[in-house]
Amino acid sequence: MRIFEEMESEVRGYIRSFPALFDTAKGSEMFDEQGNRYIDFFAGAGTLNYGHNNPAVSEAMIEYIRHDGIIHGLDKATIAKKQFLQKFRETILAPRNLEYKVQFTGPTGTNAVETALKLARMVKKRSNIIAFTNSYHGLSMGSLAVTGNSFYRDESYGVRVNSAFVPFDGYFGDEINTIDYLRRLLEDQSSGIDLPAAIIVETVQGEGGIHVASDAWLKSLADICREFDILLIIDDIQMGNGRTGTFFSFERAGITPDMVTLSKSIGGGLPMSILLMRPELDQWKPGEHTGTFRGNNLAFVASAKLLEYWDTPDFANGVAAKSQRFEAGLSAIVNKYADTEMQLRGVGMVWGIEFNDPSFAGELSEEAFKRNLIIETAGANGQVIKCLAALTISEALIDEGLEIIDAAMQAVIEKRQQLRMGSLS
Ligand SMILES: Cc1ncc(COP(=O)(O)O)c(C=O)c1O
């Protein structure tokens with residue numbers, strides 16, 4: 001591992017949490033140089049919803065490369081892009097009565113967010129954007145301006161421009177309806193909040209610590225946007241692609257956002273990002289918002305193949321069953337260790353346990369990794385342990401992973417008891 005320490009920037013992160021030299025991966029298992037096997041409850045931070053090296057995708061990509069299919073095409077017309085668009089319309093948009101136009105942006109999630117913010121400002125001719133406490137929308141400058149966590153923000157970056165933060169659902173507990181708070185700010189000409197071009201929101205805050213917005217809250221947010229002529233942008237980069245049980249995470253609330261950002265699993269592990277927008281918002285002049293890597297044709301091939309999972313309800317039904325397995329297993333752990341103060345939150349295939357003692361989650365992740373489970377932390381202080389397994393994971397692997405979490409809990413509790421006893425004696 002010395003080469004990484006010698007050559008790679010200090011900014012490296014996951015290599016520190018999961019210090020193994022990974023070599024191969026299949027489905028929900030990863031293998032290191034020595035052939036040790038790890039169960040993956042992380043799924044590339046939500047990029048591998050369909051598992052590592054999904055065989056159908058690997059086959060399609062090998063075939064595409066073998067026949068010298070276009071790999072890089074800027075935004076030229078290619079067969080791969082045509083097939084992706086056709087499949088996306090047929091399988092995802094049309095059955096949901098969505099008539100979005102599709103914009104291919106630069107390859108990472110933050111590119112899609114930047115594009116959405118820029119277009120909203122252009123269309124509405126207003127610069128302010130409202131975002132929420134604990135939000136995470138990426139770390140390039142525009143996206144950082146709507147990302148809450150102070151670990152990523154610094155006053156010196158000049159990130160306070162043209163954005164305002166308001167409390168997310170449940171921020172003050174169940175008693176205070178944060179939509180009422182937002183309404184008051186928008187109605188009051190003296191609130192100091194300029195009428196925004198858009199409100200950007202995650203339906204479930206992933207990096208922010210698994211905060212699930214209720215359906216009613218999301219509906220009221222959509223209503224308020226319509227009432228005040230504000231565009232609603234749903235950032236579905238982490239929670240889209242089936243993560244919450246339906247293809248788009250906002251389906252459960254019955255709302256239709258003005259714009260949707262998608263990335264991560266849409267390319268099946270290959271870089272690809274898109275912005276969906278209501279057709280009347282597509283006010284770009286040709287070439288006005290461009291970028292070299294907007295047409296990752298290999299990702300189009302992967303994506304078109306993966307969208308076949310949504311041809312029938314079977315896949316979503318399977319996800320619902322696995323969701324229940326996670327919820328039941330994690331609830332049992334929370335109940336078993338009732339002396340440790342923690343709360344379970346989640347929906348679909350995204351589950352988090354928040355610990356009152358923030359350092360517990362990091363120690364748990366470390367103990368889990370020692371037992372060959374990859375699971376990361378989330379939240380402002382890394383106080384949440386976050387289960388983000390692939391949607392294709394087998395029930396046997398879910399159970400095995402949950403057993404490791406249980407054993408890791410036990411280990412952290414024992415270690416702490418020993419430390420306490422040591423400091424007493
Ligand atoms: C909701 C959300 N938006 C945007 C991003 C940024 O995506 P990327 O890291 O690909 O730029 C992320 C990344 O975790 C995310 O979870």
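Residues numbered from 1 in each chain as written. Predicted model: local features only at pLDDT ≥ 70, side-chain atom pairs only at ≥ 80, totals over all residues.

Asker: What is the right way to look at the overall build of the chain in this model?
Answerer: Within the chain one finds 13 helices and 17 strands. Here the C-alpha atoms of the chain give a radius of gyration of 22 Å, agreeing with the 22 Å that 2.2 N^0.38 yields for 425 residues. Seen along its three principal axes, the alpha-carbon backbone of the chain occupies a region of about 70 × 65 × 45 Å. For the chain, the proportion of its 425 residues judged to be buried stands at 45%. For the chain, the proportion of contacts with a sequence separation of at least 24, taken over those separated by at least 6, is 72%. (Helix = DSSP H or I, 4+ residues; strand = E, 2+ residues; numbered from the N terminus. Rg over C-alpha atoms; globule rule 2.2 N^0.38 Å. Buried ≥ 20, exposed ≤ 12 C-beta atoms within 10 Å, placed from the backbone. Contact = placed C-beta atoms within 7 Å.)

Asker: So what exactly am I meant to see when it comes to the packing of helix α12 (residues 359–370) against helix α13 (residues 395–424) here?
Answerer: Working note: a packed helix pair is described by the angle between its axes plus the distance between those axes. At their nearest, the axes of α12 and α13 sit 8 Å apart, and the two run at 120° to each other. Overall, the two elements α12 and α13 adopt an arrangement that is oblique. Crossing of α12 over α13 shows right-handed handedness. Across the interface between the two elements, Phe360, Glu363, Leu364, Glu367 and Ala368 of α12 pack against Ile404, Ile405, Ala408, Met409, Ala411 and Val412 of α13. Residue composition of the contact of α12 with α13, grouped by class: 9 nonpolar, no polar and 2 charged. (Axes fitted to C-alpha atoms, helices over the stretch in contact; angles between N-to-C directions. Parallel < 35°, antiparallel > 145°, perpendicular 65-115°, else oblique. Left-handed = near helix turned anticlockwise from the far one by under 90°. Nonpolar A, V, L, I, M, F, W, Y, C, P; charged D, E, K, R; others polar.)

Asker: Is there a simple way to explain the site of the ligand in this structure?
Answerer: Residues in close proximity to the ligand total 15 residues, the closest being Thr108, Gly109, Thr110, Gly138 and Gln238. Of the residues forming the shell around the ligand, the biggest block, 3 residues, is contributed by helix α6 (residues 109–124). Class assignment of the residues belonging to the shell around the ligand gives a composition of 4 nonpolar, 8 polar and 3 charged. (Near = placed C-beta within 6 Å.)

Asker: Whenever I open this one, the pairing of strand β10 (residues 231–235) confuses me. Can you help?
Answerer: Strand residues, when the strand is regular, have side chains that alternate between the two faces of the sheet. β10 sits mainly inside the fold: 5 of its 5 residues count as buried. Of the two faces of β10, the one holding Leu231, Ile233 and Asp235 and the one holding Leu232 and Ile234 are both buried throughout. By the bridge criterion, 4 bridges tie strand β7 (residues 198–201) to β10 in an arrangement that is parallel. Looking across to β10, one finds that Val201 is bridged to Ile234. As judged from the 3 bridges shared by β10 and strand β11 (residues 259–262), these two strands associate in the parallel manner. Looking across to β11, one finds that Ile234 is bridged to Val260. (Pairing = 2+ DSSP bridges.)

Asker: Can you walk me through α13 in this structure?
Answerer: Side chains that are three or four residues apart share a direction in an α-helix, a result of its 3.6 residues per turn. Spanning 30 residues, α13 covers 44 Å between terminal C-alpha atoms, matching the ideal 44 Å at 1.5 Å per step. Three or more residues of α13 are buried, namely Ile398, Gly401, Leu402, Ile404, Ile405, Ala408, Met409 and Val412. Of the surrounding secondary structure, the elements contacted by the buried residues of α13 are β3 (37–40), α11 (314–336), α12 and β15 (373–374). (Expected span 1.5 Å × (residues − 1).)

Asker: Can you help me understand the sheet that holds strand β14 (residues 350–355) in this one?
Answerer: In a beta sheet, neighbouring strands are held together by backbone hydrogen bonds and run either parallel or antiparallel to one another. Read from one edge of the open sheet, 4 strands run β13-β14-β17-β16, paired in antiparallel fashion. Two strands lie at the open edges of the sheet, namely β13 (342–347) and β16 (376–378), each paired on one side alone. This sheet shows a mean twist of 30° between the axes of neighbouring strands, independent of strand direction. Two strands pair when backbone bridges link them, and β14 and strand β17 (residues 384–387) are joined in this way by 4 bridges, in the antiparallel orientation. Note on β17: the bridge partner recorded for Gly352 is Lys386.

Asker: Is there a simple way to think about the nonpolar core in this case?
Answerer: As a rule of thumb, nonpolar side chains are buried together in soluble globular proteins. Core analysis: the largest hydrophobic core is formed by 108 residues, its most contacted members being Ala120, Ala198, Ile199 and Ile233. Of the domains in this structure, domain 1 (2–54 + 313–424) and domain 2 (57–310) are the two that each give at least three residues to this core. Setting aside residues no more than four positions away along its own chain, Ile199 makes contact with Ile130, Leu221, Cys225, Ile230, Leu232 and Ile233. (Core = buried A, V, L, I, M, F, W, Y, C linked by C-beta atoms within 7 Å. Domains from an automatic or database assignment.)

Asker: Where do I start with unusual backbone geometry in this structure?
Answerer: A negative phi holds for most residues other than glycine; trans holds for most peptide bonds. Positive phi, normally seen in glycine, also occurs at Leu74, with a value near 50°. The exposed category is assigned to Leu74, around which 12 C-beta atoms lie within 10 Å. Even without being a glycine, Ile210 presents a positive backbone phi close to 55°. Turning to its location among the elements, Ile210 is positioned in the loop between β8 (204–205) and β9 (211–212). On the basis of neighbour counts, which here come to 26 C-beta atoms within 10 Å, the residue Ile210 falls in the buried class.

Asker: Explain the packing of α11 against α13 here, please?
Answerer: One can describe the packing of α11 onto α13 by two numbers: an axis separation of 10 Å at closest approach and a directional angle of 20°. Relative to α13, α11 is oriented roughly parallel. In this structure, α11 crosses over α13, and the sense of that crossing is right-handed. Together, Lys322, Arg325, Phe326, Gly329 and Ile333 of α11 and Glu395, Ile398, Leu402, Ile405, Asp406 and Met409 of α13 make up the contact between the two elements. A breakdown of the residues in the contact of α11 with α13 according to their chemical character gives 6 nonpolar, 1 polar and 4 charged.

Asker: How do you make sense of the domain arrangement of the chain when you look at a structure like this?
Answerer: How big an interface is tends to be reported as the loss of accessible area on association of its parts. Taken domain by domain, the chain holds domain 1 (2–54 + 313–424) and domain 2 (57–310). Between domain 1 and domain 2, the C-alpha centre-to-centre distance is 26 Å. With 29 residues of domain 1 at the contact, the number on the domain 2 side is 26 residues. At the level of elements, α3 (43–46), α11, β13, β14 and β17 are the ones that each hand at least two residues to the side of domain 1 that touches domain 2.

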